[in-house]
Number of protein chains: 4
Amino acid sequence: MYSTNDQSKSRLDLIRQRLYIIIYGVNTPAGKAFDIGLLIAILLSVFTIMAETVEGIDSQFHNELIVLEWIFTILFTTEYLVRIFVSKKPLRYIFSFYGIIDLLSILPMFFSLFLAGSHILSSFRILRLLRLFRVFRLIDFMEESSRLKVALLASKAKIMVFLYAVLIISVLIGTLMYYIEGPENGFTSIPKSVFYTIVTLTTVGYGDMVPTTALGQFFSMILMVTGYGIIAVPTGIVGVEIAKEVGRKLNSNSEQQKFRTSLNGIVCAHCNKEGHRNDADYCYSCGHHLKS
Amino acid sequence: MYSTNDQSKSRLDLIRQRLYIIIYGVNTPAGKAFDIGLLIAILLSVFTIMAETVEGIDSQFHNELIVLEWIFTILFTTEYLVRIFVSKKPLRYIFSFYGIIDLLSILPMFFSLFLAGSHILSSFRILRLLRLFRVFRLIDFMEESSRLKVALLASKAKIMVFLYAVLIISVLIGTLMYYIEGPENGFTSIPKSVFYTIVTLTTVGYGDMVPTTALGQFFSMILMVTGYGIIAVPTGIVGVEIAKEVGRKLNSNSEQQKFRTSLNGIVCAHCNKEGHRNDADYCYSCGHHLKS
Amino acid sequence: MYSTNDQSKSRLDLIRQRLYIIIYGVNTPAGKAFDIGLLIAILLSVFTIMAETVEGIDSQFHNELIVLEWIFTILFTTEYLVRIFVSKKPLRYIFSFYGIIDLLSILPMFFSLFLAGSHILSSFRILRLLRLFRVFRLIDFMEESSRLKVALLASKAKIMVFLYAVLIISVLIGTLMYYIEGPENGFTSIPKSVFYTIVTLTTVGYGDMVPTTALGQFFSMILMVTGYGIIAVPTGIVGVEIAKEVGRKLNSNSEQQKFRTSLNGIVCAHCNKEGHRNDADYCYSCGHHLKS
Amino acid sequence: MYSTNDQSKSRLDLIRQRLYIIIYGVNTPAGKAFDIGLLIAILLSVFTIMAETVEGIDSQFHNELIVLEWIFTILFTTEYLVRIFVSKKPLRYIFSFYGIIDLLSILPMFFSLFLAGSHILSSFRILRLLRLFRVFRLIDFMEESSRLKVALLASKAKIMVFLYAVLIISVLIGTLMYYIEGPENGFTSIPKSVFYTIVTLTTVGYGDMVPTTALGQFFSMILMVTGYGIIAVPTGIVGVEIAKEVGRKLNSNSEQQKFRTSLNGIVCAHCNKEGHRNDADYCYSCGHHLKS
């Protein structure tokens, strides 16, 4: 009994280990195939959900789409359970960022058994793609996204100032536009006027609300030019971070290069001078052999 | 009598001082709590005013909203009077930028007693948020906004040239579009055509006025590509300032480095001068041998 | 006879000279007053023309506006004649850029005597503002605009490549959209489809033509993201020029500073070393007095 | 027979060579004239096709336009055959990028004999303009476009991250908007909601779909500000590449300077090495005194 138990345990461990490599591994063919398969499955399942909301498609293929969605959900549920199974600390996975996303991407379908329509929320499983950056050339992607993250964190204060300014401007101008245009011209409330202000300031310009009074048009023109101009601010925010980053790189590069290519810090034993060429045999100042 | 008067005076001074620390202080818990409370009160009062303009909400909760607005107004009025009370130079506060904003944010409600509807202007009290930058991490915010201010002031001339160009282009193309499209296609006047030009140049594009003639569409396409292109100008304006700022930083860095690499801090034993070349044998100032 | 003729001639010359200083001068009070007066007159005359196209205003003040326009035209005609009178080479002024603009800004009003409505073109006199950069702080403005001009000229080839690419993309996608959407969805001709493509690519988005087929919406989404992305190209074009300009400045600065602040090229008469501090009295290498 | 055959062959070779120079040459007058002629022919033929889709023009000049299109097609077909004739490796030309474009630009017209309407696809011959960059100042253009290509390739990973993020955001927010607004407000399906999300995120803003619920407007405002802000990302992507390029240039400049200032070109009389420090007395390589 003891040995079989031990054997089955070690067999289970072996399966667990193999599955772990397939699911979390990147460099093995199996791991790569699994990632690409998962990527395709996620995209197809999202397209299935989308297709179901298009009336023309749904009326023709309703049952097929439902079956497809259940297949994908069972697939992802199995994957979720396997992920828990292979984790050394299952609870840690379950409550991790990706663990919660994995759960949220299967739950809506089961909820739809009780609450019709809720399965549409399954399309949030598009978030699972976040993990699949690694399907592409891993290191480049990680580097780029972490660089963007660093830049965003570094400019947190600047972004807050920017959003603060946008908030104040939009409430101010929104109130002004509500006063100038009034409900008779479609500016039925301040929240709607604020919506108009944001639509204009960000140069989106839906055109569902448009100023019709001369004064309203005048203020809108100022708002547009302002919005057109302050787009330079977020660009500048990122620009500063980039310039800093590049500056840091250039600095460290030039420092390294200076030492490598031209002069070094070896001290002449005879005259104590330093700053010789890397390939120097004799001191430039006293002519003493450097290696002696 | 004398001593009680003196006592009451010093007591008043103490209250004044304590209130001053609460209202203007940043680093004390009481000061921080006051700032956060004020921030929430301002946002809530603005939301109250906004809500009143939304018909669905107003018809149901009209009286409650009015009461809320009066509560906020009394609160802000009390705060305004306390601010005057604790100021050592009350007039200076009253006529300061923030003093005027504080007054303007309570006046509309009182005016509304005589002139219905004017209390809507209370939402301008959103401007009070400007002072509350300090609720967040004070120094970062102040630095960023002052940096933006410096950059904007430094590029005043550039911004003027840009606005001048926008003005000339929009009047020119506006007149042209009025001539080409004419009132029958919605371009009823030159001011409206100028409005259309700005809407197009800033890539807002409401779509309330759209060229229908071939020539009008042709000129509009040129206008769009121009507008799409000259967005680079404000971006460039900020870019120059950023590059200058970074350059200034790099410069001061490199200056320090130059001092380190070519000149050093060795002190001449004879004349006490420092800043000799790293490879100097003799003092530049007195000619004394440095190593002796 | 001779002397009076001579006197009147010299008097005329004096008047001519004085007028020249007023019209073309910048630093005299009279010259500045003339420029500001001209600026206001141009703006007012343009506003008058604009006002005439607004039905509400025109129906009430038609005659007043016409009188105003004639006053401005006579004013500008007088100015034009005086400019010819004071020029030493009148023909050169007449055929100069500003001379032609000056003429074009008065002609439409006279044409309107024969051809009703043509006086609207008088609003092109807004171009006269170009000359009035100097009303503001002259040198800053000139520098900024010439800097922008240099940057634009330097990136001529890049701008051409960009416009070439926009042309090819818009014809290609325009044809595609015409094929996909067809006249039944508002894409009545290829030129209109090209118009739609430019409207989308530049993120203007009027919304007068909107794709309704799934394929059309798919291509439009690609077009939008492309347009949203290639805005980086003109920004980058200007960015390169700015970086170059700043680089050039930093280079020349650091070179000058190196010589001024730290080391110079004086050669020691004793040991032929150079690179002494500017305030050095003795050679850093041999201790010889440098000025001896 | 032999000699005439040989002669005719050499004559054919001569014709082939001359045609080759005309078609592919740039610097000869004939080559330049051919390129400009081709440029004009392509543009005119594209305009002809466009004109045919405009109802007003087509109804009046239908036959003329068809004749023109056939003339252009025969012209381009002749050119295509000549290009094959003059190529030393005709198959290589036929299956090259430009060879396929050349073929595709004549095929639709011949297909239109069997399938009415397909000749419209001839407007894809606008792609032939790609080859005609060389009509303009060749080297500048080539350099700029290759530089843009290098920058785009270098930032491939960044662009992928950006598009990945746009994809995930648009599906997420698209689903959310579908849920919030629903078919009754025009958000009839998730694909349409995704279309709306992209339209808003890229600040295009057609206005054919507009949120009407408070929650939908709130999320849309966040979306707009996000879209307005992340435009900095593509700008930043190009910015990094530009900064790198400029940095590379500056680096190589400073390297040259370093060589000038710290190391010089004095040649050691003993071992012929160069690259000594400016203040060196002895050769770094052989220890020989440099000035002796």
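This one's a predicted model, so the numbers in the text were calculated from it and none came from an experiment.

Participant: So what's going on with the overall build of chain A? Which residues, and what values?
Facilitator: Across its full length, chain A carries 11 helices and 2 strands. Tracing chain A from N to C terminus, the helices and strands come up as α-α-α-α-α-α-α-α-α-α-α-β-β. Burial analysis of chain A (292 residues in total) assigns 44% to the buried set. Of the contacts made within chain A by residues no fewer than 6 positions apart, 49% connect residues no fewer than 24 positions apart. Summed over all atoms, the accessible surface of chain A reaches about 15000 Å², with 68% contributed by carbon and sulfur.

Participant: Residues and numbers for the nonpolar core, please.
Facilitator: Counting 168 residues, the largest nonpolar core has Tyr206(A), Tyr206(B), Tyr206(C) and Tyr206(D) as its most contacted members. Residues contacting Tyr206(A), with those up to four places away along its chain left out, are Phe195(A), Val199(A), Tyr206(B), Tyr196(D), Thr200(D), Gly205(D), Tyr206(D), Gly207(D), Met209(D), Val210(D), Pro211(D) and Met224(D).

Participant: So what about the packing of aromatic side chains? Which residues, and what values?
Facilitator: Enumeration according to the criterion identifies 32 aromatic pairs over all chains in this entry. Each ring, one from Trp70(B) and one from Phe110(B), has its centre 5.6 Å from the other, and the planes form 65°; the classification is edge-to-face. Taken together, the residues span a long stretch of sequence, with Trp70(B) in helix H3 (residues 55-86) and Phe110(B) in helix H6 (residues 107-111) at a distance of 40 residues. Taking the relative accessible area as the measure of exposure, Trp70(B) reaches 22% and is therefore partly exposed. Note on Phe110(B): relative accessible area 31%, which makes it partly exposed. Consider the rings of Tyr80(B) and Tyr93(B), whose centres lie 5.9 Å apart with planes at 45°: the pair is tilted. Of this pair, Tyr80(B) sits in helix H3 while Tyr93(B) sits in helix H4 (residues 90-94), and the two are 13 residues apart along the sequence. Aromatic rings pair up to connect Phe187(A), Tyr196(A), Phe195(B) and Tyr206(B) into one cluster. When the ring centre of Phe76(B) is taken as reference, the NZ or CZ atom of Arg128(B) above it lies at 5.2 Å.

Participant: For unusual backbone geometry, give the residues involved together with the corresponding values.
Facilitator: Residues and elements named next belong to chain A. The phi dihedral of Thr203 falls on the positive side, at around 60°, and the residue is not glycine. Turning to its location among the elements, Thr203 is positioned in the loop between helix H9 (190-201) and helix H10 (214-230). For Thr203, a relative accessible area of 4% puts it in the buried group.

Participant: Give a description of a nonpolar patch on the surface that names residues and reports values.
Facilitator: All names here are of chain A. Side chains of Phe110, Phe111, Leu113, Phe114 and Leu115 sit close together on the surface and give an oily, nonpolar patch of about 590 Å² of accessible area. Relative to the helices and strands, Phe111 resides in helix H6 (residues 107-111). Assessed through its relative accessible area of 48%, Phe111 is described here as partly exposed.

Participant: Quick rundown of the pattern of salt bridges? Include the residues and the values.
Facilitator: Using the criterion set out here, one finds 20 salt bridges over all chains in the structure. Linked by salt bridges that have partners in common, Glu79(A), Arg83(A), Asp102(A) and Arg128(A) make up one network.

Participant: So what's going on with the confidence of the model for chain A? Which residues, and what values?
Facilitator: Residues and elements named next belong to chain A. Across chain A, the average pLDDT comes to 78, with 70% of residues at or above 70. The least confident element of chain A, judged by mean pLDDT, is strand E1 (residues 263-264) at 52; the most confident is H9 at 92. Throughout residues 253-262 the model reports pLDDT below 50, and contacts reaching past four residues in sequence, or to other chains, amount to 16 contacts. As scored by the predictor, the complex reaches a pTM of 0.78 and an ipTM of 0.75.

Participant: Describe the side chain of Ser170(A), and please don't skip the residues or the numbers.
Facilitator: Its place among the elements puts Ser170(A) in helix H8 (residues 156-181). With sequence-adjacent residues up to four places away left out, Ser170(A) is seen in contact with Val194(A), Thr197(A) and Ile198(A).

Participant: Pulling in residues and values, what's your account of the packing of helix H10 (residues 214-230) of chain B against helix H9 (residues 190-201) of chain C?
Facilitator: H9(C) packs onto H10(B) with a crossing angle of 20° between their chain directions and a minimal axis gap of 10 Å. Taken together, the axes of H10(B) and H9(C) are roughly parallel relative to one another. For H10(B) against H9(C), the interelement crossing comes out left-handed. Mapping the contact onto sequence places Gln217(B), Ser220(B), Met221(B), Met224(B), Val225(B) and Tyr228(B) in H10(B) and Lys192(C), Val194(C), Phe195(C), Ile198(C), Val199(C) and Leu201(C) in H9(C). Of the residues contributing to the contact of H10(B) with H9(C), the split by class is 9 nonpolar, 2 polar and 1 charged.

Participant: Tell me about the UniProt feature "transmembrane region" (unreviewed entry) in chain A, and name the residues and values.
Facilitator: Residues and elements named next belong to chain A. Annotation from UniProt places "transmembrane region" (unreviewed entry) at residues 21-47, 67-86, 93-114, 159-180 and 218-240. Secondary structure across residues 67-86 comprises 100% helix and 0% strand; the distance between its end C-alpha atoms is 29 Å. Secondary structure content for residues 159-180 is 100% helix and 0% strand, while the C-alpha to C-alpha distance between its ends is 31 Å.

Participant: Residues and numbers for the packing of H9(A) against helix H2 (residues 29-53) of chain B, please.
Facilitator: Packed helices, taken two at a time, are described by the angle their axes make and the gap between the axes. Contact geometry of H9(A) with H2(B) gives a least axis separation of 7 Å together with a crossing angle of 105°. In terms of axis orientation, H9(A) runs roughly perpendicular to H2(B). Here H9(A) contributes Ile190(A), Pro191(A) and Val194(A) to the contact with H2(B), which in turn contributes Ile49(B), Met50(B) and Thr53(B). Of the residues in the contact of H9(A) with H2(B), the class split is 5 nonpolar, 1 polar and no charged.

Participant: If you had to explain helix H3 (residues 55-86) of chain C to someone new, which residues and values would you point to?
Facilitator: The largest bend along H3(C) measures about 90° and falls at Phe61(C). Those residues of H3(C) lying buried are Asp58(C), Leu65(C), Glu69(C), Phe72(C), Thr73(C), Phe76(C), Thr77(C), Glu79(C), Tyr80(C), Arg83(C) and Val86(C).

Participant: Let's hear about the environment of Leu176(D): which residues, and what values?
Facilitator: Inspection of the secondary structure assignment puts Leu176(D) in helix H8 (residues 156-181). Separated by 17 residues in the primary sequence, Leu176(D) and Ile159(D) have C-alpha atoms spaced 25 Å apart. With residues up to four places along the chain from it excluded, the contact list for Leu176(D) reads Phe124(A) and Phe219(D).

Definitions and limits used
Residues numbered from 1 in each chain as written. Chains lettered and ligands numbered in written order. Predicted model: local features only at pLDDT ≥ 70, side-chain atom pairs only at ≥ 80, totals over all residues. Heavy atoms only, no water. Helix = DSSP H or I, 4+ residues; strand = E, 2+ residues; numbered from the N terminus. Buried < 20%, exposed > 50% of the residue type's maximum accessible area, 1.4 Å probe, protein only. Contact = heavy atoms within 4.5 Å. Areas by Shrake-Rupley, 256 points an atom, 1.4 Å probe, with all protein chains shown as cover. Core = buried A, V, L, I, M, F, W, Y, C linked by side-chain atoms within 4.5 Å. Phe/Tyr/Trp six-rings, centres within 6.5 Å; stacked < 30°, edge-to-face > 60°. Lys NZ or Arg CZ within 6 Å of the ring centre and 35° of its normal. Patch = residues over 30% accessible without salt bridge, like charges linked within 9 Å, V, L, I, M, F, W, Y side chains within 5 Å. Salt bridge = Lys/Arg side-chain N within 4 Å of Asp/Glu carboxyl O. pLDDT = per-residue confidence, 0-100. Axes fitted to C-alpha atoms, helices over the stretch in contact; angles between N-to-C directions. Parallel < 35°, antiparallel > 145°, perpendicular 65-115°, else oblique. Left-handed = near helix turned anticlockwise from the far one by under 90°. Nonpolar A, V, L, I, M, F, W, Y, C, P; charged D, E, K, R; others polar. UniProt positions renumbered as here; feature names shortened; annotations may be inferred. Bend = angle between axes of the 7 residues up to and from the residue.

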